[in-house]
Amino acid sequence: MLFIDIACGIMLIAAIFLGTRFILNEIFRSRYNHQIYSNDYEESLLKLNFPESYLPYYNLGNSEYKNGNYDRAISNYKKALELGPQHNHEKECDIRVNLALAMLAKIDWANMKTQKDGQRAIKQLKAARNVLTEEGCANPDDPNGHNAEAEQLKADIDKMLEDMQQNSNQSEDNQEQDDQGQGNQEQEPDKKENSQREKEIQDALDNQKKDTMQERQKTQDDIDNEQQTGGGYSSYDGKPW
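Residues numbered from 1 in each chain as written. Predicted model: local features only at pLDDT ≥ 70, side-chain atom pairs only at ≥ 80, totals over all residues. Heavy atoms only, no water.

*Asks:* Lay out the overall build of the protein in plain terms, naming residues and giving numbers.
*Replies:* Check the secondary structure of the protein and you find eight helices and zero strands. Order of helices (α) and strands (β) in the protein, N terminus to C terminus: α-α-α-α-α-α-α-α. Looking at the protein residue by residue over its 241 residues, the buried ones come to 37%. Within the protein, contacts between residues at least 6 apart in sequence are counted, and of these 61% link residues at least 24 apart. (Helix = DSSP H or I, 4+ residues; strand = E, 2+ residues; numbered from the N terminus. Buried < 20%, exposed > 50% of the residue type's maximum accessible area, 1.4 Å probe, protein only. Contact = heavy atoms within 4.5 Å.)

As C-alpha cells, this is what we get:
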C-alpha cells in the first residue's frame, strides 16, 4: 500500500511538472504568434528544462531574432544544438537554418567601407555556411543535403561569396590602374594633365565602390524581403515549438 501511495505521488508530481511546462510553453507560443516577442514565460522553462531541454533555447532564439538581438539569438540557437534534438534531423536543420540566418543578419552591408569590413563579412558568410553543412543539412560539395531550406540558403551564401570575390577582383584591378596611373603621372611634366588623370581614376574608383555597395545592399534586401514575405527556402522560419 505504501509503495502504491509513493508511486501515485511521483506520478502526480510528474503530471504537475509536465502540465506546468506545457502551459507555460503554450502561453509563449500564443503570444509569439500574435507578434508579442516577450521571453518571460519561456525563460521560466529553463528551470523546468526536461524533457526536450533544447526546446526553450530554440524558442528564445526565435524571439531574440524577432527583436533584432542577433547575438542573443545565436547564443540560444547554439545552446539548442548543444542539447539536442537527438536523432531528429528536421528539427536540427530548422535550428541550423535559423542560426545561419541570424549570423547573416549581423553583417552590416550598408556600412561596409574598407577591405577589412569585406574580409569580416566573408568570414561570417563562411561560418554560416559551415553551420549548414556540419551535420549534412546541406552538403558542402553538392546540392544533395537532407534539408531543402539549408541547401537553398547555402546556395544563397555561395552566390554572395562569389559576388564579393568578383567585386574584390575588380577593386584590385582598379587599384593597379590607379598605381600605374600615378606612376605615369610622375613622369609627365604637364601638371594639368596629371590632375585630370587623377580625377578620372578617382571617379572610376568611386563609381566601382558605389556599384559594389549597391550590389551588396541588393543582396541583403533580397534576403530581408524573403524573410518578410516567406518566399523561398531561405526565409526565416521562426515558428515556435
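*Asks:* Quick one: what's the story with the state of the cysteines, residue by residue and with numbers?
*Replies:* Throughout the structure, instances matching the rule amount to one disulfide. Disulfide pairing is shown between Cys-93 and Cys-137; the S-S distance is 2.2 Å. One disulfide, between Cys-93 and Cys-137, carries an S-S torsion of -95° and so falls in the left-handed class. Of this pair, Cys-93 sits in helix α5 (residues 89–105) while Cys-137 sits in the loop between α6 (115–133) and α7 (148–187), and the two are 44 residues apart along the sequence. Here the two residues Cys-93 and Cys-137 agree in accessibility, since each one is buried. (Disulfide = S-S within 2.5 Å.)

*Asks:* Please give an account of the packing of aromatic side chains that cites residues and values.
*Replies:* Scanning all chains against the criterion turns up two aromatic pairs. With a centroid separation of 6.3 Å and an interplanar angle of 50°, the aromatic rings of Tyr-58 and Tyr-77 are classed as tilted. One end of the pair, Tyr-58, is in helix α3 (residues 55–66); the other, Tyr-77, is in helix α4 (residues 70–83), with 19 residues separating them in the sequence. Ring geometry for Tyr-65 against Tyr-70: centres 5.3 Å apart, planes inclined by 70°, an arrangement best described as edge-to-face. (Phe/Tyr/Trp six-rings, centres within 6.5 Å; stacked < 30°, edge-to-face > 60°.)

*Asks:* Run through α5, naming residues and quoting values.
*Replies:* For α5, which comprises 17 residues, the first-to-last C-alpha distance of 24 Å matches the rise-based estimate of 24 Å (1.5 Å per residue) to within 8%. Most of α5 sits inside the fold, with 13 of its 17 residues counted as buried. (Expected span 1.5 Å × (residues − 1).)

Honestly, it's all geometry; don't read function into it.
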